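Fold and geometry: a report
These are the residues of each chain, in order.
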Amino acid sequence: MRVLAAMSGGVDSAVAAARAVEAGHEVVGVHLALSAKPGTLRTGARGCCTIEDARDARRAADVLEIPFYVWDFAERFTEDVVADFVAEYAAGRTPNPCLRCNEKIKFAALLDKAVALGFDAVCTGHYARLSVVDGRPRLARSADDGKDQSYVLASLAPEQLRHAMFPLGDSTKAQVRAEAARRGLQVAEKADSHDICFIPDGDTRRFLANRLGPRPGKLVDDATDEVLGEHDGVHGFTVGQRKGLGVDRPAADGRPRYVLALEPVSGTVRVGSADRLAVTQIIGSRATWPSGKALDGPVECVAQVRAHGGTAPAVAEWLPDEERLVVQLREPLRGVAPGQAVALYCPDPDGDVVLGSATITATS
């Protein structure tokens, strides 16, 4: 096949490209320039998409002896990922920008351009297993539970997965680093990027404040409606948050307070004890089904609400007439916020299979 390898400049995408070459595909490397003004150097493991990353990607392509290009996707990234991130926080929701980037950039904008240029697939360094069963894509967890990224790929549609390649799905991170070293790739020991790539200093609250400005509101005790203090905007908080609340006195029971709910219209941030964070039902919209097959009736599954962790056995049901996913958790989860994604898995010995995903709109 003709394969376009998305090369971020990290070890995972470099080894993924190497495996595509070794499999006999005609591979072309491409680095996505996602910032109009990229930084020169990364700050340790924070952020990505710097000039340094582009150079690392080019050096890896040279070792693999494949053509290499840099494509400017900064405008599209700003519109579809950064602007969406800011708007969601302003509305009191908690988005996942990595999920949105996969959905809108890597497997939409990039994939569309790749197909238009005659490529058969886009290859990335994601840790997930992808196969075809009975003519349908089958997305499943990777062999490395600690690195599994199926959650942030669960929103992809079947037609996107049919043009995707994830060569690292059966490997652990340690194996990938060892392979990179054997292949002479200089990124073998390069630190993984963490946090949000377009907020390299990790200060999400300041990033949002610079774009949204002050939007004063009140901190309110959810149990008593007592006003505990003021804040500069609901965008500075997320459900489940404990630190940085700005409350100057302890709760009556002496226990820590957590953010329970955000009300962007009134500017109210409701806080309370940890036990009030427990959620047993999740409602979702904008459902996607990687295999192309929606749930048919109540289905026993495992629900996941965060990229790493936040899983519980559940019963999920898709209500097509209402375009609503209802997930009843058999064990309560804490810190589940509207705007996050809920991914559903069917347990499988060879890696739990993704049944579907939806954006969380409400919890109870």
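The text that follows walks through the structure, step by step, so that each part is easy to find. (Residues numbered from 1 in each chain as written. Predicted model: local features only at pLDDT ≥ 70, side-chain atom pairs only at ≥ 80, totals over all residues. Heavy atoms only, no water.)

Side note on the sheet that holds strand S1 (residues 2-6)
Strand pairing in a sheet is mediated by backbone hydrogen bonds. Such pairs are either parallel or antiparallel. With parallel pairing, five strands are arranged side by side in an open sheet as S3-S2-S1-S4-S7. The sheet terminates laterally at strand S3 (68-72) and strand S7 (164-165), the two strands that pair on one side only. Here strand S4 (residues 121-123) runs beside S7; their pairing, made up of two bridges, is parallel. Paired with Cys-123 across the bridge in S7 is Met-165. (Pairing = 2+ DSSP bridges. Helix = DSSP H or I, 4+ residues; strand = E, 2+ residues; numbered from the N terminus.)

Side note on the nonpolar core
Counting residues in hydrophobic clusters, the biggest one holds 47 residues, and the most contacted among them are Phe-85, Leu-110 and Phe-198. For this core, the secondary structure elements donating two or more residues are S1, strand S2 (26-33), helix H3 (74-90), helix H4 (97-116), helix H7 (204-212) and strand S16 (341-346). Element by element, the count of residues in this core is highest for H4, at eight residues. In this structure Phe-85 touches Pro-95, Pro-97, Ile-196, Phe-198, Ile-199, Thr-204, Phe-207 and Leu-208, once residues within four positions along its chain are discounted. (Core = buried A, V, L, I, M, F, W, Y, C linked by side-chain atoms within 4.5 Å. Buried < 20%, exposed > 50% of the residue type's maximum accessible area, 1.4 Å probe, protein only. Contact = heavy atoms within 4.5 Å.)

A look at the packing of helix H1 (residues 11-22) against helix H6 (residues 173-182)
Running from N to C, H1 and H6 cross one another at 70°; their axes reach a closest spacing of 10 Å. In terms of their interaxial angle, H1 and H6 are classed as roughly perpendicular. The two elements H1 and H6 cross, and the hand of that crossing is left-handed. On H6, the residues touching Val-11, Asp-12, Val-15 and Arg-19 of H1 are Lys-173, Val-176, Arg-177, Glu-179 and Ala-180. In terms of residue class, the contact of H1 with H6 is built from four nonpolar, no polar and five charged. (Axes fitted to C-alpha atoms, helices over the stretch in contact; angles between N-to-C directions. Parallel < 35°, antiparallel > 145°, perpendicular 65-115°, else oblique. Left-handed = near helix turned anticlockwise from the far one by under 90°. Nonpolar A, V, L, I, M, F, W, Y, C, P; charged D, E, K, R; others polar.)

Brief notes about empty space enclosed by the protein
Gaps left between atoms show up when a probe the size of a water molecule is rolled over them. For the coordinates displayed, the defined rule picks out two cavities of 30 Å³ or more. Its volume calculated, the largest cavity comes out at about 130 Å³. Surrounding the largest cavity, 14 residues form its lining, Leu-99, Arg-100, Ser-155, Arg-286 and Thr-359 being those nearest its centre. Listing elements by their share of the lining of the largest cavity, those giving two or more residues are H4, strand S12 (279-288) and strand S17 (353-363). Its residues assigned to classes, the lining of the largest cavity comprises four nonpolar, seven polar and three charged. Looking at the second largest cavity, the residues that line it are Asp-56, Arg-59, Ala-60, Val-63, Leu-185, Gln-186 and Val-187. When the residues that make up the lining of the second largest cavity are grouped by side-chain class, the tally is four nonpolar, one polar and two charged. (1 Å grid on protein atoms, 1.4 Å probe; cavity = no way out; pocket = protein on both sides within 12 Å on 5 of 7 lines; lining within 4 Å. Points joined across faces, edges and corners; volume = space filled by probe spheres on them.)

Examining the sheet that holds strand S10 (residues 258-263)
Taken in spatial order, the four strands of this open sheet run S9-S8-S11-S10, and their pairing is mixed. Taken across any chain shown, the strands that pair with only one partner, and hence form the sheet edges, are strand S9 (227-231) and S10. Ignoring which end each strand starts from, the neighbouring axes of this sheet average 25° apart. Judged from the five bridges that link them, S10 and strand S11 (residues 268-272) form a sheet pairing that is antiparallel. Opposite Glu-263, over in S11, you have Thr-268 as the bridge partner.

As for the pairing of S17
The element S17 is largely enclosed, with a buried count of eight among its eleven residues. In the sheet, S12 pairs with S17 via five bridges, with the strands oriented antiparallel. Each bridged residue has a counterpart across the sheet, and for Thr-288 the counterpart in S17 is Ser-357. With six bridges connecting them, S16 and S17 associate as antiparallel partners. Each residue of the ladder has a partner; that of Val-342, found in S17, is Ala-358. Two successive antiparallel strands, S16 and S17, enclose a turn made up of six residues, where Gly-351 displays a positive phi of approximately 115°.

A few points about the pattern of salt bridges
Taken as a whole, this structure holds 29 salt bridges when the rule is applied. The closest approach of N and O atoms between Asp-12 and Lys-173, which form a salt bridge, is 2.9 Å. Of this pair, Asp-12 sits in helix H1 while Lys-173 sits in helix H6, placing them 161 residues apart in sequence. Under the relative-accessibility criterion, Lys-173 is labelled buried at 10%. A salt bridge links Glu-179 to Arg-183, with the nearest nitrogen and oxygen atoms 2.9 Å apart. Three or more residues are tied together by salt bridges with common partners; here these are Asp-12, Lys-147, Lys-173, Arg-177 and Asp-192. (Salt bridge = Lys/Arg side-chain N within 4 Å of Asp/Glu carboxyl O.)

Some points on the packing of aromatic side chains
For the structure shown, the criterion picks out eight aromatic pairs. Ring plane angle 80° and centroid distance 5.2 Å describe the contact between Phe-85 and Phe-198, whose orientation is recorded as edge-to-face. Residue Phe-85 is found in helix H3, and its partner Phe-198 is found in the loop between H6 and H7; the two are separated by 113 residues along the sequence. The two residues Phe-85 and Phe-198 agree in class, both being buried. (Phe/Tyr/Trp six-rings, centres within 6.5 Å; stacked < 30°, edge-to-face > 60°.)

Without other data, these values stay purely geometric and don't point to any function.
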